[in-house]
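# Analysis of the macromolecular model
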Amino acid sequence: MLGVSALDFLLILGIDTSGKQGGIALWREGALLEAAPIAGGTFSAQLIPQVAELLAKHKLKKEDVGGFAVASGPGSFTGLRVGLAAVKGLAEILGKPIAVVSVLEALALSGSTVATPLSASPETARRPSLPKRVATALDAQRQEVFFGEYEVADGRGRTLREELLSQADFIAHLRGESKPALPVVTSDGSVSRLLSEVGVQWTAVPRPSAADVARIGAGKLARGETVTVEQLDANYIRRSDAEIFAKP
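Throughout what follows, the structure given in this document is the object of discussion. (Residues numbered from 1 in each chain as written. Predicted model: local features only at pLDDT ≥ 70, side-chain atom pairs only at ≥ 80, totals over all residues. Heavy atoms only, no water.)

## Some words on unusual backbone geometry
Applicable threshold: The helix and strand labels rest on DSSP assignments: H or I over at least four residues marks a helix, E over at least two residues marks a strand, and numbering proceeds from the N terminus. Three exposure classes are used, based on accessible area relative to the maximum for each residue type with a 1.4 Å probe and protein chains only: buried under 20%, partly exposed in between, and exposed over 50%.
The linkage connecting G73 with the following residue, P74, adopts the cis geometry, with an omega of 0 degrees. Relative to the helices and strands, P74 resides in the loop between strand 4 (67-73) and helix 2 (77-94). Positioned with a positive phi, Q141 is a non-glycine residue whose angle comes to about 65 degrees. Locating Q141 in the fold gives a position in the loop between strand 6 (133-139) and strand 7 (144-153). Positive phi is not limited to glycine here, since D154 has a value of about 55 degrees. Position of D154 among the secondary structure elements: in the loop between strand 7 and strand 8 (156-166). By relative accessible area, D154 is classed as exposed at 80%.

Structure follows, in structure tokens:
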């Protein structure tokens, strides 16, 4: 862990290349300075030029960045590699710390602030929508779900589990762990429909963005929850197709 002062965290660069669309964000002094989208399929060509353009727009240089926050997955194998490689290169050159943010973790922190589940009745809408323990889920395709559980308090989450489950095992776990089933935070309509069909409460939030990654990462950086360039790695959860279908 790098030794840094509070002044180093005046400017945080957040990068998210985990989804079909990506983005970058500048976070300074506890607030979003600006975020910019990056179109899917252009990450490798556009990421670094977009970062340079955003910094220049605010009359900043890369040396002004005090730390990096990056989405570590789950998500696109190619996209994640591009984002992580960029952060590794910049952090090594500048000697700045890195905070990793799981997309599932970001969902939990976003969902913990939402008061009303979209599936809730008027009676339940007046109650707190999420307990301290929060479950999150993303569609992993192939009738599978990226699933996470966290304990959320004071704007931070503690990971209890993150794994790939079949849809059947996902529902069985929710029903088996608590009565009634633990509410689930998701940004995917396919997961919401699945949960509605089996009577499990859910909360819909937008998919976490680069701004969310920067915000959550800024908190981690301030608390010293950082990784080195060597330690930075993707959180794929699922193995790649090359690994799954490779011959023994």
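## Looking at the nonpolar core
Stated formally: The set of buried Ala, Val, Leu, Ile, Met, Phe, Trp, Tyr and Cys residues whose side-chain atoms join them within 4.5 Å is what this entry labels a nonpolar core. Residues count as neighbours in contact if any of their non-hydrogen atoms are within 4.5 Å of one another.
I12, L104, L107, L138 and V152 are the most contacted members of the largest nonpolar core, which totals 28 residues. If one sorts the elements of this core by residue count, helix 7 (residues 210-222) sits on top with seven residues. Contact partners of I12, with chain neighbours within four places excluded, come to A25, L26, W27, G67, A69, A214, A218 and L221. In terms of nonpolar packing, the next biggest core, distinct from the first, is built from 27 residues, I24, L54, F68 and L232 among them.

Bear in mind that shape data such as this cannot, by itself, settle questions of function.
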